[in-house]
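Letter by letter, the chains look like this.
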Amino acid sequence: MKLSVKNWSLTVKLNALIAVIAIIVFTALSFLISSSANTQIKDEKKFTLARDGLYYANLTDKIINDLKEQAEDDAKNPFVVKELDEKKINVLHVLVRDRVHSLVHINSFYITNTDGIIVAGLDKSNNKLRGNDVKENEFWKRLKNSNVAIENFAHKSKTTGRANFSIASKVFNKNGEFIGTVVLVVDIYTFYERFLTKKIGKHGYMVLFDSKGTFLTHPQQKLVLKNFANMNWMKNLLNSKEKTGAMDYTFQGIEKFLTFSKLKLVPWYIITLVEIHDILAVSNSITRIILISGIASTILLVL
């Protein structure tokens, strides 16, 4: 038998109308509540991401500062001063070997003379570095105006292929004369594997990059030491005078959000990136469940 609205009784028609109105009102209220909740969730998540980014930026700064202090301490080591001053290499190799295998974050450790020639050096693979000339390295040029230098830009390690940067300290004898340098070559990948692997939502992650827009760490290792300065969000970030901040942006049609924190000792940034969909995924699922349950309950009550 064909069902026709014309055959419905007045009571059924009123109940149906009430059901439709109730569903419309409930749906509208659900979306309003959902929109308000989503805004609050986004704000809370953004605050959490900004806090995490600042925490890891401070942690990275601390590690770099600890390594700088290690270089300064070794530059004042009496054995280092004595042997460089007397141009004798007896126990320097022992110190080098100890540092290479005891300091987690370094790829190599070496000591040079005043001409920038390594007199004692070793990397993590136990390759000897003695005789190498490092005068063209960034740190050596920076040492002309300072007793301690931290490289601002990373270079690719010839042995590991990873991003490295150097921290160097001048060595002076008892008379205050410059007699050489102590250099720690830091493996930036160790920052990534120890604390920058943190997953943010389903697709989010953390990245370390320099003031030229070059990635120093990235979950996709093939992107490390690749430059992304031509991307709009990177341009906006690098042009910002703020030390911390946040921004929304769209990449390949996907809405994303990032926070950034600038390091203090080097002109680098740590950014946290997350897709907006990830932030709202749980909230949207709950909203759908509430909406479906509400509509079903309304229909049952009216009927």
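One structure accompanies this document, and this report is about it. Keep in mind it's a predicted model, so treat the numbers as computed, not measured.

1. Quick look at the pairing of strand E5 (residues 163–172)
- Burial within E5 is extensive, with nine of its 10 residues counted as buried.
- Bridge count for strand E3 (residues 148–150) against E5 is three bridges, and the pairing is antiparallel. When the sheet's bridge partners are listed, Ile150 is paired in E5 with Ile167.
- Hairpin connection, strand E4 (residues 155–156) to E5: the antiparallel pair is bridged by six residues, and Gly161 has positive phi, about 80°.

2. Things to note about helix H6 (residues 232–239)
- Of all the residues in H6, the buried ones are Trp233, Met234 and Leu237. Viewed along the axis of H6, the buried residues span an arc of 100°, placing them on a single side of the element. Counted as exposed and oriented over 90 degrees from the buried face of H6: Asn232 and Asn239.
- Next to the buried residues of H6 lie strand E7 (205–210), strand E8 (215–217), strand E9 (244–251), strand E10 (254–262) and strand E11 (268–275).

3. Description of the pairing of E7
- Burial runs high along E7: five of the six residues are buried.
- In this sheet, E11 lies alongside E7 in antiparallel orientation, the contact comprising six bridges. Each residue of the ladder has a partner; that of Asp210, found in E11, is Trp268.
- Bridge count for E7 against E8 is two bridges, and the pairing is antiparallel. By the bridge assignment for E8, Leu208 is matched with Thr217.
- Taking the residues that link successive antiparallel strands as the turn, the E7-E8 hairpin has four residues, and the phi of Gly213 there is positive, at about 85°.

Cut-off values and rules
- Residues numbered from 1 in each chain as written.
- Predicted model: local features only at pLDDT ≥ 70, side-chain atom pairs only at ≥ 80, totals over all residues.
- Heavy atoms only, no water.
- Buried < 20%, exposed > 50% of the residue type's maximum accessible area, 1.4 Å probe, protein only.
- Helix = DSSP H or I, 4+ residues; strand = E, 2+ residues; numbered from the N terminus.
- Pairing = 2+ DSSP bridges.
- Arc of directions from axis to C-beta.
- Contact = heavy atoms within 4.5 Å.

Keep in mind that these numbers describe shape and distance, not what the molecule does.
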